[in-house]
Amino acid sequence: AVHDLPHTVVRDAGLPLRTSGQRRDDAERLLARAAAAGRLPFGLLRRWSQALAAEPLWRFETTVTLGGVEPGSFLLADADGIPTVTGLLSWGGLSVGDPAVDLRWTSATPLARDEVLSAYATASGRALDPLVVARARLYAELEFAKWLVHGHTVGSESIVTDAVGLLEALDENVRDEPLLTREGVNVDDALALLARLADTAAELLDTSMQTDA
């Protein structure tokens, strides 16, 4: 229901409106910062770079979003033994952007994901984006990269160590599992993106060192 709200709700309130291209740029900058922080497994760098370089993945209709929710964001009531959603929290990030951001939590609930997405598609007034699941999974995985960047930014070795452990475990589980089929990824584009990320990472690292000094 939130995703089906008109964009004017956000625009008239002066809240952010992000295009699909801008959401892609946001993810690319996060990955560059994670690479600059160091200790990012190469398998994840390659996996995420391939996803970011896949043009079909980023052709989607933007919607009003909450900026990310989790299972605890939903208020439930018992209706004859069946949990029914009666309310929703986490309105702090209201904007126009990628609906997959609000669906990333389904990546952690594989047994419920298909049923949730089926109900979502039925209730929505829009056709379900066929790649929304892949982007939701990407955003969920990038949360670990965000944790690494946060630890590096605040200078907390305990957070960095925790993030590295999570990233290494994730890499072990998904290194041979592409987010998209090969048909959706242009190898030349992926290599070009890796090169850009390396350049950006070097710039970020240099700036960080100057700031620390």
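Basis of the calculations
- Residues numbered from 1 in each chain as written.
- Predicted model: local features only at pLDDT ≥ 70, side-chain atom pairs only at ≥ 80, totals over all residues.
- Heavy atoms only, no water.
- Helix = DSSP H or I, 4+ residues; strand = E, 2+ residues; numbered from the N terminus.
- Contact = heavy atoms within 4.5 Å.
- Core = buried A, V, L, I, M, F, W, Y, C linked by side-chain atoms within 4.5 Å.
- Buried < 20%, exposed > 50% of the residue type's maximum accessible area, 1.4 Å probe, protein only.
- 1 Å grid on protein atoms, 1.4 Å probe; cavity = no way out; pocket = protein on both sides within 12 Å on 5 of 7 lines; lining within 4 Å.
- Points joined across faces, edges and corners; volume = space filled by probe spheres on them.

Colleague: Kindly report on the environment of Val 85, identifying the contributing residues and their values.
Modeller: Tracing the backbone shows Val 85 in strand E3 (residues 82-88). Sequence spacing of Val 85 and Phe 74 is 11 residues, and the spatial spacing of their C-alpha atoms is 6.4 Å. Once residues lying within four places of it in the same chain are set aside, the contact partners of Val 85 are Phe 74, Leu 75 and Leu 76.

Colleague: Tell me about the nonpolar core, and please be specific about residues and values.
Modeller: Leu 40, Trp 48, Leu 57, Trp 58, Leu 138, Leu 142 and Leu 148 are the most contacted members of the largest nonpolar core, which totals 37 residues. Breaking this core down by element, the ones donating at least two residues are helix H2 (20-37), helix H3 (42-53), helix H4 (110-123), helix H5 (132-154) and helix H6 (157-174). No other element matches the nine residues that H5 contributes to this core. Filtering out sequence-adjacent residues up to four positions away, Leu 142 remains in contact with Ala 27, Leu 30 and Trp 48. Residues Val 10, Val 69, Leu 94 and Val 96 belong to the second largest nonpolar core, which totals eight residues.

Colleague: Outline the layout of surface pockets, supporting the account with residue identities and numerical values.
Modeller: One way to see where empty space is left: roll a probe the size of a water molecule over the atoms. When its volume is computed, the largest pocket comes out at roughly 890 Å³. Surrounding the largest pocket, 23 residues form its lining, Phe 74, Val 85, Trp 105, Val 116 and Tyr 120 being those nearest its centre. Within the residue set of the lining of the largest pocket, elements represented by two or more residues are strand E2 (74-79), E3 and H4. Tallying contributions element by element places H4 first for the lining of the largest pocket, with six residues. The calculated volume of the second largest pocket comes to roughly 460 Å³.

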